[in-house]
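Listed below, chain by chain, are the residues.
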Amino acid sequence: MTIANFLLLVPLLSPKTIHIPDGFLSLGTALAAWLLAIVALAYAVARTNRELGEKQVPLMGVMAAFVFAAQMLNFPVAGGTSGHLIGGALVAILLGPWAGVLVMTAVVAVQALLFQDGGLLALGANILNMGVIASLVGYYLYIAIQKLWSKRPRLNLASAFAAAWCSVFVTSVACAVQLGVSGTSPIQVALPAMATVHALIGLGEGAITVAALAFITATRPDLVASSRAAS
Amino acid sequence: MSKKSWWIIGLIIALAVTLLSPLASPWPDGLERVAEDQGFIALAQGSLYEVIPDYVLPLVANEAVATILGGMIGVLVVFGLTVGAGYMISRRGAEQKTS
């Protein structure tokens, strides 16, 4: 398909990345999510404070910038639905889990504060889901799967794909639980609905994660190696 | 590719990605789809204030251009915020180590 055809098919509309808006979560759920997000953030700051080298900082900035841009690119999945990258697994695999949490938090916070994508009361839940859960699930699953393949710690793209897919799936389940607890949508309805859609979206997450990691490995293999050794 | 220029190239790539943003699928995303199907989309509240709502920079007539500009502003703000916070955190850590 040529770009011209593609342009004709896709009307020029703004990206509609929606994160959880205010109104979807009960006050109690939103506040509990804020509390968990703040605890995780404080821990992430403490960990990176000890472990983060200044050399890694520009890479953190570049990854935050890339994730922000890539999240705008909603890709179509089945049934008139779109999905977009989260990026938590990508960033965490590259930078380690806690620097990943910080990078993702910066992205999600700017989206809420400047772009009105995601509510302010719901920001805690959005940070918890896309910042903390996606990064930690992506990272630790990547490490676990990679160990099954080989004992040597080197980048394994198949493991990264699987970890990225799971990070989206688990994040969507977390969101469904929050919607259920809030009384917005019964959990037995919200959970399968969110999980099914995001099982598809996760394939896109895996593909973009693998492409980005392959590009970085090709241009700067030392970045991948050093960050892996540091974590 | 030199090590020093790598982050500049990375930032340029991120800015270039925003050029694709007008091509993004306008279909509702996963959460929005579920909210529509399950009938709770109407619960969504508007925000208290708007700066660059829906990633479209206000006062720019062409919506595609407005979206790209909105995206580029976001890329630069997120980059600046992350690098600023990253240096603050890593410097403080280095001071604690030496003291």
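Being a predicted model, the structure only gives us computed values, none of them experimental. Along each chain, the written sequence defines residue order, and numbers are assigned to residues from 1. Both sets of labels track the order of writing: A upward for chains, 1 upward for ligands. Given that this is a predicted model, residues contribute local features only at a pLDDT of at least 70 and side-chain atom pairs are listed and counted only at 80 or more, while totals for whole chains, interfaces and linings are drawn from all residues.

Enquirer: Just give me the short version of the overall build of chain B, but keep the residues and values in it.
Expert: Scanning chain B from N- to C-terminus turns up 3 helices and 0 strands. By the criteria applied, helices consist of DSSP H or I runs no shorter than four residues and strands consist of E runs no shorter than two, each listed in order from the N terminus. Beginning at the N terminus, the succession of helices and strands in chain B can be written as α-α-α. Values of the radius of gyration come from C-alpha atoms, whereas the globule rule sets the reference at 2.2 Å times the count of residues to the power 0.38. Computed over its C-alpha atoms, the radius of gyration of chain B comes to 19 Å, more than 25% above the 13 Å expected for a compact globule of 99 residues. Along the first, second and third principal axes, the C-alpha atoms of chain B reach 55 × 30 × 25 Å. By definition, residue pairs are in contact when their C-beta atoms, positioned from the backbone, come within 7 Å. A sequence separation of at least 24 residues applies to 46% of the contacts in chain B between residues at least 6 apart.

Enquirer: I'd like to hear about the confidence of the model for chain B, residue by residue, with values.
Expert: Note on scores: pLDDT gives the predictor's confidence for each residue, bounded by 0 and 100. The predicted model of chain B averages 90 in pLDDT, with 93% of residues at 70 or higher. The ipTM for the predicted assembly is 0.94, set against a pTM of 0.91.

Enquirer: So what about helix α7 (residues 157-181) of chain A? Which residues, and what values?
Expert: Helical geometry: 3.6 residues make up each α-helical turn, so side chains three or four residues apart lie on a common side. Residue and element names in this part refer to chain A. Each helix should span, by expectation, one fewer than its residue count multiplied by 1.5 Å. Over its 25 residues, α7 runs 36 Å from end to end, which matches the ideal 36 Å to within 8%, given 1.5 Å per residue. Summarising burial for α7: 18 of the 25 residues are buried, a large majority. One or two residues past the end of α7 sits glycine 183, with phi positive at roughly 80°. Buried residues are those with 20 or more other C-beta atoms within 10 Å of their own C-beta, exposed residues have 12 or fewer, and partly exposed residues lie in between; C-beta atoms are placed from the backbone.

Enquirer: So what's going on with the nonpolar core? Which residues, and what values?
Expert: Working definition: the nonpolar core is a set of buried Ala, Val, Leu, Ile, Met, Phe, Trp, Tyr and Cys residues, joined through C-beta atoms within 7 Å. With 103 residues, the main nonpolar core has Met63, Ala64, Ala65, Ile93, Val103 and Val107 of chain A as its most contacted residues. Ignoring sequence-local partners within four residues, the contact set of valine 103 of chain A consists of Met60, Met63, Ala64, Val91 and Leu95 of chain A together with Thr82 of chain B.

Enquirer: Give me the lowdown on the interface of chain A and chain B, citing residues and values where you can.
Expert: If you look at the interface, chain A gives 66 residues, while chain B gives 57 residues. Those elements that place two or more of their residues in the side of chain A that touches chain B are α2 (27-51), α3 (57-71), β1 (75-77), β2 (81-83), α5 (97-115), α7 and α8 (187-219) of chain A. Counting residues per element, the side of chain A that touches chain B draws most heavily on α3 of chain A, which supplies 12 residues. Residue type decides the class: Asp, Glu, Lys and Arg count as charged, Ala, Val, Leu, Ile, Met, Phe, Trp, Tyr, Cys and Pro as nonpolar, and the leftover types, Gly among them, as polar. Along the lines of polarity and charge, the residues of the side of chain A that touches chain B split into 41 nonpolar, 20 polar and 5 charged.

Enquirer: Tell me what's going on with unusual backbone geometry, and back it up with residues and numbers.
Expert: Leaving glycine out, the prevailing phi sign among residues is negative, and the prevailing peptide bond configuration is trans. Despite not being glycine, glutamine 116 of chain A has its phi angle at roughly 55°, a positive value. Mapping glutamine 116 of chain A onto the fold places it in the loop between α5 and α6 (123-149). For leucine 59 of chain B, which is not glycine, the phi dihedral falls at a positive 70°. If you trace the backbone, leucine 59 of chain B turns up in the loop between α2 (30-37) and α3 (63-98).

Enquirer: Give me the lowdown on the packing of α2 of chain A against α5 of chain A, citing residues and values where you can.
Expert: All names here are of chain A. Between α2 and α5, the least distance of the axes is 8 Å, while the angle of their chain directions is 125°. When the interaxial angle is binned, α2 and α5 end up oblique. At the point where α2 passes α5, the crossing takes the left-handed sense. Contacts between α2 and α5 pair Ala40, Leu41, Ala44, Arg47 and Thr48 from the former with Trp98, Ala99, Val101, Leu102 and Thr105 from the latter. Axes, fitted as lines to C-alpha atoms, cover a helix only where it is in contact. Angles between the N-to-C directions of the axes lie from 0 to 180 degrees. Our angle categories are set so that under 35 degrees counts as roughly parallel, over 145 as roughly antiparallel, 65 to 115 as roughly perpendicular, and the remainder as oblique. Crossing handedness: left-handed means the near helix sits turned counterclockwise from the far one by under a right angle, and right-handed means the same turn made clockwise.

Enquirer: Give me the packing of helix α4 (residues 88-95) of chain A against α7 of chain A: which residues, what numbers.
Expert: Residue and element names in this part refer to chain A. Between α4 and α7, the shortest axis-to-axis distance is 8 Å and the interhelical angle comes to 135°. Overall, the two elements α4 and α7 adopt an arrangement that is oblique. Two packed elements cross with a definite hand, and for α4 against α7 that hand is right-handed. In contact with Gly88, Ala89, Leu90 and Ile93 of α4, α7 contributes Ala160, Ala163, Ala164 and Ser167. Classifying every residue of the contact of α4 with α7 gives 6 nonpolar, 2 polar and no charged.

Enquirer: So, the environment of serine 159 of chain A: which residues are in play, and what are the values?
Expert: All names here are of chain A. Its place among the elements puts serine 159 in helix α7. C-beta crowding within 10 Å serves as the criterion here: with 21 such atoms nearby, serine 159 is assigned to the buried category. Sequence-wise, serine 159 and isoleucine 145 are 14 residues apart; in three dimensions their C-alpha atoms are separated by 5.7 Å.

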